[in-house]
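Structure assessment
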Amino acid sequence: MGRLYFHDWGTAVAYARAIQWLEKDKETEYVQYALLVICYLLGYGCQQDPARGKLFLEKSKNSPYKSYGLGMMYAEGIGVRENIEKGVEHLKAAGNYGPAIEALKHYRKSLFGVWRRK
């Protein structure tokens, strides 16, 4: 159920309800933790809590969700020192995950090869 609310599969996106279900569901752990990472790091459906997001990040396995969470964490400096280059690397590792593709549009490489916000 948590994934349904997170992705709006058959229902409207409701991150708060997704969190409720993900925290009690016996989902596949990599999906459960990776989606909770995104919610807590970015404040989707809850108060932003980078420390809690990092805890779930440590438990999650490699996935596009985890790469997106790491990318946003570093690129925006959420709970860590900002490192846009490292953030962009993780966002690229998320592959075809839509939010990661959108996030990448906000960064560009300068003439001197340094990643910056547009």
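Every chain is numbered independently, its residues counted from 1 as its sequence is written. Only residues with pLDDT of 70 or above have their local features reported here, since the model is predicted, and side-chain atom pairs are shown and tallied only from 80 upward, although totals for entire chains, interfaces and linings are computed over all residues. Side-chain metrics rest on all non-hydrogen atoms present in the structure, leaving aside hydrogens and water.

1. Some details on the overall build of the protein
Threshold: Only DSSP runs of H or I with at least four residues qualify as helices, and only runs of E with at least two residues qualify as strands; both kinds are numbered from the N terminus onward. Computation of the radius of gyration draws on C-alpha atoms, with the globule rule given as 2.2 Å multiplied by the number of residues to the power 0.38. The cut-offs for exposure are 20% and 50% of the maximum accessible area for each residue type, with area from a 1.4 Å probe on protein chains only; residues under the lower value are buried, those over the upper are exposed, and the others partly exposed. We get accessible surface area from the Shrake-Rupley algorithm with a probe of 1.4 Å; when it comes to residues, only the shown protein chains can shield them. Only four residue types enter the tally: Lys and Arg on the positive side, Asp and Glu on the negative side, with His and both chain ends excluded. Lys charges are placed at NZ, Arg charges at CZ, Asp charges at CG and Glu charges at CD.
Looking only at helices and strands, one finds seven helices and two strands in the protein. Starting at the N terminus and walking to the C terminus, you meet the elements of the protein as α-α-α-α-α-α-α-β-β. For 118 residues, the compact-globule estimate of 2.2 N^0.38 gives 13 Å, and the C-alpha radius of gyration of the protein, at 14 Å, lies within 12% of that figure. Along the first, second and third principal axes, the C-alpha atoms of the protein reach 50 × 30 × 25 Å. Buried residues in the protein amount to 42% of all 118 residues. When the accessible surface of the protein is split by element, carbon and sulfur atoms take 49% of a total near 6900 Å². Each charge class in the protein was averaged separately, 18 positive and 12 negative side chains, and the resulting centres sit 4 Å apart.

2. Considerations on the pattern of salt bridges
Applied cut-off: Salt bridge, as applied in this entry: a Lys or Arg side-chain nitrogen positioned within 4 Å of an Asp or Glu carboxyl oxygen.
Going through the model one piece at a time under the given rule, you end up with four salt bridges. With a closest N to O distance of 3.0 Å, Glu 23 and Arg 52 form a salt bridge. Of this pair, Glu 23 sits in helix α2 (residues 15–24) while Arg 52 sits in helix α4 (residues 50–59), placing them 29 residues apart in sequence. On the basis of relative accessible area, Glu 23 is assigned to the partly exposed category, the value being 37%. A relative accessible area of 33% places Arg 52 in the partly exposed class. The shortest N-O distance in the salt bridge between Glu 102 and Lys 105 comes to 2.9 Å. The class of Glu 102 is partly exposed, set by a relative accessible area of 44%. Several salt bridges share partner residues, and in doing so they unite Glu 76, Glu 82 and Arg 117 into one network.

3. Side note on the packing of aromatic side chains
For the record, the criterion: What counts as a ring pair is set by centres within 6.5 Å for rings of Phe, Tyr and Trp (its six-membered ring), and what kind of pair is set by the plane angle: stacked under 30 degrees, edge-to-face over 60, tilted for all other angles. By definition, being over a ring means that NZ of Lys or CZ of Arg is both within 6 Å of the ring centre and within 35 degrees of the ring normal.
The full count for this structure, using the stated rule, is six aromatic pairs. Relative to Phe 56, the ring of Tyr 40 lies with its centre 5.9 Å away and its plane at 15°, an arrangement referred to as stacked. Remark: Phe 56 occurs in helix α4 and Tyr 40 occurs in helix α3 (residues 29–42); sequence separation between them is 16 residues. Between Lys 24 and the ring centre of Trp 21, over which it is positioned, the NZ or CZ distance is 4.5 Å.

4. Considering the environment of Ser 63
Tracing the backbone through its elements, the reader meets Ser 63 in the loop between α4 and α5 (64–76). Expressed as a C-alpha distance, the spacing of Ser 63 and Gly 95, which sit 32 residues apart in the sequence, is 9.5 Å.

5. Some points on helix α6 (residues 84–93)
Convention followed: This arc describes the spread of directions from the helix axis toward the C-beta atoms. Contacts: residue pairs with any heavy atoms within 4.5 Å of one another.
Residues Ile 84, Gly 87, Val 88 and Leu 91 constitute the buried set of α6. One face of α6 carries all of its buried residues, which in axial projection span an arc of 100°. For α6, exposure combined with an orientation more than 90 degrees from the buried face picks out Glu 89 and Ala 93. Summarising the contacts, the buried residues of α6 are in contact with α5, α7 (98–104), β1 (107–109) and β2 (115–117).

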